[in-house]
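Given next are the chains, with one letter for each unit.
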Amino acid sequence: MVNQVASLSYIVENNAGKESAADFEKAIKLCGYGKFHYGFVLLCGAMFLCVGCQNGINAYILPSAECDLDLSSEQKGLLNVAFLLGGVVSSLFWGVFADAYGRRYILLLTLLSDSILSIGGSFSQSFKVLLIFRALSGFFIGAPGSLVYTYLGEFHTAKHRVKTICYVGFFWTLSWLILPGLAWIIIPLPISLRFNGMLYNSWRLFLAIIGIPTLMVTLIAARYPESPKFLVSQGKTDEALAILRKIYAINTGRNEDDYPVKVLLSDDTMNINNVNNTSFSASRVLMELLKNIWQQMRSLASPPLLKYALLCWTIYFANMCGYYGFGLWLPELFNRFESYQHLHPNRSVSVCKLIQESDLQATVTPASNISLNSTNVLINSTTETDCSSNMDEMVFINSLTINAFCLLGNIVSGYLANRVGRRTIPVTTMLLAGMFGFAIYFVESSLQILMVSCMFSLMIVTANFVISSIVVDIFPTHVGAVAICMMTCFGRIGAIASNLAFGMLLDISCEVPIFLVGSIVIFGGLLALILPQKKS
């Protein structure tokens, strides 16, 4: 009898020990979902809002900067391309560093740097200086533009991960509403200060103001911890457990000691970074970094990750081709329809006929008017003899209308994220976006082009955020940041390629770029059919 009691006691103690140990997914689930997560989603949303503002600001400062700095069309194009190329160059760089040394430190470093660059860039007095500042800004803001997805996703369970990333996309769209609103207020102000031979006016003030929220977000983000999932992947389970206990206490209002997990199981993947608590020479640090790059690329190139990586990158490339390609042209086309109908009130005109009757040299060019997001409104180029820094109110109204409509996509995608299959939203939205792209060929009025613009932007923006959330969900922690940064790199290459192709092909035949870009978007939607299904 005594032996039976002792045996039973051993079994109970052993089971209790097993229940107090958990892997990360179980541990984060036991933290609950509450105050910490609400605040964290708002923080990541604020980061994303800052990224969106930087990506869209050129559309509003260049018309005024054109007069101040005497910019040619080629120079305006270089300013836009420099920002995008800065993001392309930085994509792999920041992904490797984030997977090796942590998401939080990279986000804090790049956000702070971008804030300083934005404020410093407002003092630019020449094209070359402004070009350097915009290229560096693109390089640094590329990190939070990609890593916010990873950082956010790693604080959530699989149940909430995709949904929260979709909701954070709301803040990107919100930034497109804030930008034209602020520009409408600030840029027309009659500000012109001169000191020590330097001119400081309204567009420079607008550029500096955009950098201030980024600085504030950086200070707030400094109070938040490193991703516990990243720490687990590095074997730092004690640090990760301490963070999870705090999250549990904030969410539940209970004491940290009540957290049921006492032992956090280490990740079975790989410990990439083994440089903690050791000081290295510069050459040793470089060797460790190269070793990290090799290990991550080797992991990403192993099946089935390589197949999924190439698939996701291709889909995102197709998405961004339409996202930036049509996004460049639709607002400009809207303005052309408005001008045509002012001259011919009772006449309709097809898209191709409208383009043939327009002076292409004064509107869309391959490099001079590259837009920075899908709903930026292009400003009609002014001639060298009549430079005006004022913008038509329709520029702001059109932009606000389209971007407000895009907010619906963020809300609906977040609601449907856990209610439909992983493939459903990207397949449906990209196929519809491609069809609305084709519909551009058939529009005959400014109202029709506005309706098509709204529907196309809604679909392509929704697909963009859902694809990003899927990538975070598919790839393991130790290569997650590299995978999403490389995806962003491919997307930006697609953005540049579609803008250049649109300008070059438009002179040959207006049908070619419309049906080419629309077909690429539909091809991306069809590829989404072979994305892996979510594990039950």
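Residues numbered from 1 in each chain as written. Predicted model: local features only at pLDDT ≥ 70, side-chain atom pairs only at ≥ 80, totals over all residues. Heavy atoms only, no water.

**Thoughts on the environment of I402**
At step 1: In this structure, I402 sits in helix α15 (residues 393-416).
At step 2: Looking at I402, the relative accessible area reads 3%, which means it is buried.
At step 3: In the structure, I402 is positioned 225 residues away from L177 in sequence and 9.2 Å away in space, judged by C-alpha atoms. (Helix = DSSP H or I, 4+ residues; strand = E, 2+ residues; numbered from the N terminus. Buried < 20%, exposed > 50% of the residue type's maximum accessible area, 1.4 Å probe, protein only.)

**Some thoughts on helix α17 (residues 446-474)**
At step 1: For α17, with 29 residues, the first-to-last C-alpha span of 42 Å sits near the 42 Å given by 1.5 Å per residue.
At step 2: Most of α17 is tucked away: 25 of the 29 residues are buried. (Expected span 1.5 Å × (residues − 1).)

**Topic: the pairing of strand β2 (residues 192-195)**
At step 1: Across 4 bridges, the pairing between β2 and strand β3 (residues 198-201) is antiparallel. From the neighbouring strand, L193 faces β3, where its bridge partner is Y200.
At step 2: Turn length for the β2-β3 hairpin, with the two strands adjacent in sequence and antiparallel, is 2 residues, and the turn residue N196 shows positive phi of about 50°. (Pairing = 2+ DSSP bridges.)

**Considering a nonpolar patch on the surface**
At step 1: Together, L112, I116, L215 and L219 line one region of the surface with nonpolar side chains, adding up to about 370 Å² of accessible area.
At step 2: For the nonpolar patch, the secondary structure elements donating two or more residues are α6 (103-121) and α9 (202-221).
At step 3: Note that I116 resides in helix α6. (Patch = residues over 30% accessible without salt bridge, like charges linked within 9 Å, V, L, I, M, F, W, Y side chains within 5 Å. Areas by Shrake-Rupley, 256 points an atom, 1.4 Å probe, with all protein chains shown as cover. Salt bridge = Lys/Arg side-chain N within 4 Å of Asp/Glu carboxyl O.)

**Points about the pattern of salt bridges**
At step 1: For the structure shown, the criterion picks out 5 salt bridges.
At step 2: The closest approach of N and O atoms between R103 and E154, which form a salt bridge, is 2.7 Å. Of the two residues, R103 is situated in helix α6 and E154 in the loop between α7 (127-153) and α8 (158-186); the sequence distance between them amounts to 51 residues.
At step 3: For E154, a relative accessible area of 5% corresponds to the buried category.
At step 4: Close ionic contact of D257 with R245 constitutes a salt bridge, the shortest N to O distance being 2.6 Å. Here R245 lies in helix α11 (residues 237-252) and D257 lies in the loop between α11 and β4 (263-264), a separation of 12 residues in the sequence.

**A look at the nonpolar core**
At step 1: With 119 residues, the main nonpolar core has F40, M47, L244 and F475 as its most contacted residues.
At step 2: Here this core spans two domains, since at least three of its residues come from each of domain 1 (20-266) and domain 2 (297-357 + 391-535).
At step 3: Leave out the neighbours within four places in its chain, and F475 touches L300, L305, Y308, A309, C312, G480 and A483.
At step 4: Counting residues in each nonpolar core, the second largest holds 22 residues, with Y60, F127, I187 and I210 among its members. (Core = buried A, V, L, I, M, F, W, Y, C linked by side-chain atoms within 4.5 Å. Domains from an automatic or database assignment. Contact = heavy atoms within 4.5 Å.)

**Let's talk about the packing of aromatic side chains**
At step 1: Within the structure shown, the criterion is met by 23 aromatic pairs.
At step 2: Here W94 and F140 contribute two aromatic rings whose centre-to-centre distance is 5.9 Å and whose plane-to-plane angle is 40°, an arrangement assigned as tilted. Taken together, the residues span a long stretch of sequence, with W94 in helix α5 (residues 73-101) and F140 in helix α7 at a distance of 46 residues.
At step 3: The exposure class assigned to F140 is buried, which follows from its relative accessible area of 18%.
At step 4: Here Y441 and F442 contribute two aromatic rings whose centre-to-centre distance is 5.1 Å and whose plane-to-plane angle is 90°, an arrangement assigned as edge-to-face.
At step 5: An aromatic cluster of at least three residues, connected via ring pairs, comprises F36, F40, Y151, F155 and Y224. (Phe/Tyr/Trp six-rings, centres within 6.5 Å; stacked < 30°, edge-to-face > 60°.)

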